[in-house]
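# Coordinate analysis (summary)
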Amino acid sequence: MTKKQYLKKLEYCIQALPAEERNEALEYYSDYFDDADDDDKVMQELGEPEDLAKTIIEKFTCVPAKETKKKKESVDDDYGFDDDEKLLFTFAKGDVKNLGISLGAADVVIKSGSEYKIETRGIYETDFRCEINEAGTLIIENKRKIPSLPFFRRSKNSSWRPRVLITVPESTKLENMKIALAAGRIRTKELNLFSSRTMIDIGAGDFEADGLSSEATQIRCSMGNVDIEGNFIGFTKIDCGMGSVKIRSRKNLSDYSYDAKVGMGSIEFGSDKRSGFSQSYIEERKENHISIICGMGEVKIKSAR
């Protein structure tokens, strides 16, 4: 592999990053090659482009959390929030009609509770937006500024993971919900949430949800992983690029019809499996329908029963 091929592959693997960040990272590593003047040695040092891309996405899109010598506590216990690092926002249930979450990279937990409450750690207040707009949409968004290049040289043991804990009222019903994650992880804990229209857009991160119900659902996964168990009724569209999408429906698969377009990836719908360049057509469209586009990734649909 040549330097040009290596950087081209690296550019493809970090496409989930904003263009300005992507260009800055590529410029840095291009200069790194030039300074070393030994392409083979540099490639051996950096490892495979795919592995380097994961490191870039993890560090570049994270706001540095305050470093501490305290023992890091598990996010399953108290979510690792220290009082001097935490931002806290609360909202009344009746004020929220829609939910919009857009994060660059973070470790996010969404759980049920008595009210809307958002807690963060490792995100500067000036870089974070948490408010309800005129349409009744609760917006949770990090507006992090691009860090300087020296972050690439920081120790691997440094803490770079922002954390966000989102609490929504038990048995919440929303009109619209959109969740976008470039990198990192979102998972749910004891969730019971219904949304009339749901959009999930995952770049290179992981989305794991249990207890999500939706009437009209769109799932887009570029290079990450999506794993959802819940009730999907009406129309569901899945667009999977190089990642993995797994849906465990709490309804029987016999209640669904589906169509699929497959590139170099594979799909499974119950016992029906397809791979390679193929297209599946439906004879009769049912009330609950799933439309699948799969490029180089994999999509698996099965019943949770």
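These notes cover the structure that comes with them. (Residues numbered from 1 in each chain as written. Predicted model: local features only at pLDDT ≥ 70, side-chain atom pairs only at ≥ 80, totals over all residues. Heavy atoms only, no water.)

Across its full length, the chain carries four helices and 17 strands. Looking at the chain as a whole, 48% of its 305 residues are labelled buried. The long-range fraction of contacts in the chain, counting pairs at least 24 apart against all pairs at least 6 apart in sequence, stands at 61%. Element-wise, carbon and sulfur atoms account for 44% of the exposed surface of the chain, whose accessible area totals about 15700 Å². (Helix = DSSP H or I, 4+ residues; strand = E, 2+ residues; numbered from the N terminus. Buried < 20%, exposed > 50% of the residue type's maximum accessible area, 1.4 Å probe, protein only. Contact = heavy atoms within 4.5 Å. Areas by Shrake-Rupley, 256 points an atom, 1.4 Å probe, with all protein chains shown as cover.)

A few words on the packing of helix α1 (residues 3-13) against helix α2 (residues 19-36). Look at α1 against α2: their axes get within 11 Å of each other, and the N-to-C directions meet at 160°. Judged by the angle between their axes, α1 and α2 are roughly antiparallel. As for the relative orientation of α1 and α2, their crossing is right-handed in sense. Together, K3, Y6, L7, L10 and E11 of α1 and R22, L26, Y29, S30, F33 and D34 of α2 make up the contact between the two elements. (Axes fitted to C-alpha atoms, helices over the stretch in contact; angles between N-to-C directions. Parallel < 35°, antiparallel > 145°, perpendicular 65-115°, else oblique. Left-handed = near helix turned anticlockwise from the far one by under 90°.)

Time to look at the environment of R129. Tracing the backbone shows R129 in strand β4 (residues 128-132). Exposure remark for R129: the relative accessible area of 27% places this residue in the partly exposed category. The spacing of R129 and I140 is 11 residues in sequence and 5.8 Å in space, taken between C-alpha atoms. Of the polar contacts made by the side chain of R129, one reaches the side chain of E131; its length is 2.9 Å. (Polar contact = N/O pair within 3.5 Å; in protein donor to acceptor, adjacent residues only side chain to side chain.)

Quick look at helix α3 (residues 39-46) now. The complete set of buried residues in α3 reads V42, M43 and L46. Buried residues of α3 fall within an arc of 95° about the axis and therefore sit on the same side. Set apart from the buried face of α3 by more than 90 degrees, the exposed residues are D40, K41, Q44 and E45. The positive-phi residue at the C-terminal boundary of α3 is G47, with phi of around 85°. (Arc of directions from axis to C-beta.)

Across residues other than glycine, the phi torsion is negative in most instances, and most of the peptide bonds are trans. Phi at D37 is positive, roughly 60°, even though this residue is not glycine. Relative to the helices and strands, D37 is located in the loop between α2 and α3. Backbone geometry at S171 places phi at a positive 60°, although glycine is not the residue there. Residue position: S171 is located in the loop between β6 (163-169) and β7 (172-189).

Right, let's talk about the pattern of salt bridges for a bit. Per the stated rule, a full pass over the model turns up 11 salt bridges. Close ionic contact of R129 with E141 constitutes a salt bridge, the shortest N to O distance being 3.5 Å. A residue pair is termed long-range when its members are at least 10 positions apart, and R129 in strand β4 and E141 in strand β5 (residues 137-142) qualify at 12 residues. A salt bridge links D227 to R248, with the shortest nitrogen-to-oxygen separation between them at 2.7 Å. You can see D227 sitting in strand β10 (residues 225-240) and its partner R248 sitting in strand β11 (residues 244-249), a full 21 residues away along the chain. On the accessibility criterion, D227 (25% relative accessible area) is partly exposed. One salt-bridge network, held together by shared partners, links D210, D227, E229, R248 and R250. (Salt bridge = Lys/Arg side-chain N within 4 Å of Asp/Glu carboxyl O.)

Purely geometric stuff here, so don't read any function into it on its own.
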